[in-house]
Structures are given as structure tokens and as C-alpha cells.
Amino acid sequence: MKVRERQEEERKRQEMAARKAKEEQERAEAIKRRDEFVKKNGVKEWPDISELSANPFVYEGQTIAIKAHFETMQTATQGIFGVGNAPVIVSDIPKGLFKEGGLIVVLAGRVLGKTELQVPLFGLIQVPYLKFVGVHFCQDNNCNDIIPE
């Protein structure tokens, strides 16, 4: 009985070590993907949406990255993204890039300032305004494939 218990413990230990190694490899790949995204798109900051909504002018002219979900296109090249509970308007999106709502992305954009958005129940509100620079389509809702925990 003792031998069988030791074998079972060793098997569990090996499984745990293999799982940990896989997680570390996935994290390293996510960091590499993030670093490549930052370099390719010239990202300087990853601001919190509360900072960006309160005063986007701090980042004006800079390329930032934010995790967002695509909501809808307003025109052929301008779309609305949700970041947390806050909307963000993005211009100069390549035509046809977003074909369905609800996509979770990491968005790189140059901060232009604020613009107005008509929102049901709230009316006209001021929201952050970005010029599209690049996008990463996330593999899960937390974007763990590019934003490691």
C-alpha cells in the first residue's frame, strides 16, 4: 500500500510541475506578444480608463493601449468601444476590420482629446477620442494571451 501511495504522490507532483511549466511558458509567450505589440504600435502608456476619461489631454498625441470591447461602427471608419463602463470613440479604423460586436481587443490609439457622443438616457456626453493605430484580437475575455496576470 505504501508503494502505491508514493507512486500516486509522485504522479501528482509531476502533473503539478508540468502544469506550472506550461503556465510559465504561456506567460512568457504573452509577455513576448505584449512587448511586440508595444514596439510595433509605438505604445507609450497603458492608462486606466478613469484617468483617460477624466483627462485624456494628459496623453494627447501619445499612443496608448487599452483593453476594450468593440461595440459598433458609427461610420465606415469610426467606431465605439467600451472600456469598463466608459465609451471611447476611435477614428481611422481600416474599413471592414470589425465585423461583429462584442469582440474583446487590446487597442492601440493616438489620443486626440475628447469628442461628443449621443447616449440614450444621458444625452450628449464627452468621451475620449483616439485615432486607430493597431489592434490585438484577444483569445479570451481577460486577454491573458497578451496581458499576463
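Residues numbered from 1 in each chain as written. Predicted model: local features only at pLDDT ≥ 70, side-chain atom pairs only at ≥ 80, totals over all residues. Heavy atoms only, no water.

**Re the nonpolar core**
Working step 1: Grouped together as the largest cluster of nonpolar side chains are 19 residues, with contacts concentrated most on I66, F81 and V90.
Working step 2: Among the elements of the structure, α2 (49-54), β1 (63-73), β2 (79-83), β3 (86-91), β4 (104-119) and β5 (123-137) are those that each provide at least two residues to this core.
Working step 3: With near-sequence residues (within four places) excluded, I66 lies in contact with P47, L52, V83, V88, V105, V106, L107 and L130.
Working step 4: Counting eight residues, the second-largest nonpolar core is a separate cluster that includes V43, A65, V106 and C143. (Core = buried A, V, L, I, M, F, W, Y, C linked by side-chain atoms within 4.5 Å. Buried < 20%, exposed > 50% of the residue type's maximum accessible area, 1.4 Å probe, protein only. Helix = DSSP H or I, 4+ residues; strand = E, 2+ residues; numbered from the N terminus. Contact = heavy atoms within 4.5 Å.)

**Quick look at unusual backbone geometry**
Working step 1: The phi torsion at D92 lies on the positive side, around 60 degrees, for a residue other than glycine.
Working step 2: Secondary-structure assignment places D92 in the loop between β3 and β4.
Working step 3: Taking relative accessible area as the criterion, D92 reaches 42% and is therefore assigned partly exposed.
Working step 4: Look at C143: it is not a glycine, yet its phi comes out positive at around 60 degrees.
Working step 5: Note that C143 resides in the segment after β5.

**As for the sheet that holds β1**
Working step 1: Strand order in the closed barrel formed by five strands is β1-β2-β3-β5-β4, and the pairing between neighbours is mixed. Taken pair by pair, the neighbouring strands of this sheet meet at an average axis angle of 50 degrees, ignoring direction.
Working step 2: Where β3 lies against β5, three bridges are found, and the strand directions are parallel. Among the inter-strand pairings, I89 is bridged to a residue of β5, identified as Y129.
Working step 3: Sitting on the sheet, helix α1 (residues 2-41) touches β1, β4 and β5, and the angle it makes with β5 is about 110 degrees. (Pairing = 2+ DSSP bridges. Axes fitted to C-alpha atoms, helices over the stretch in contact; angles between N-to-C directions.)

**Some points on the environment of E9**
Working step 1: Examined against the element boundaries, E9 turns out to sit in helix α1.
Working step 2: A C-alpha to C-alpha distance of 24 Å links E9 and Q25, two positions 16 residues apart in sequence.

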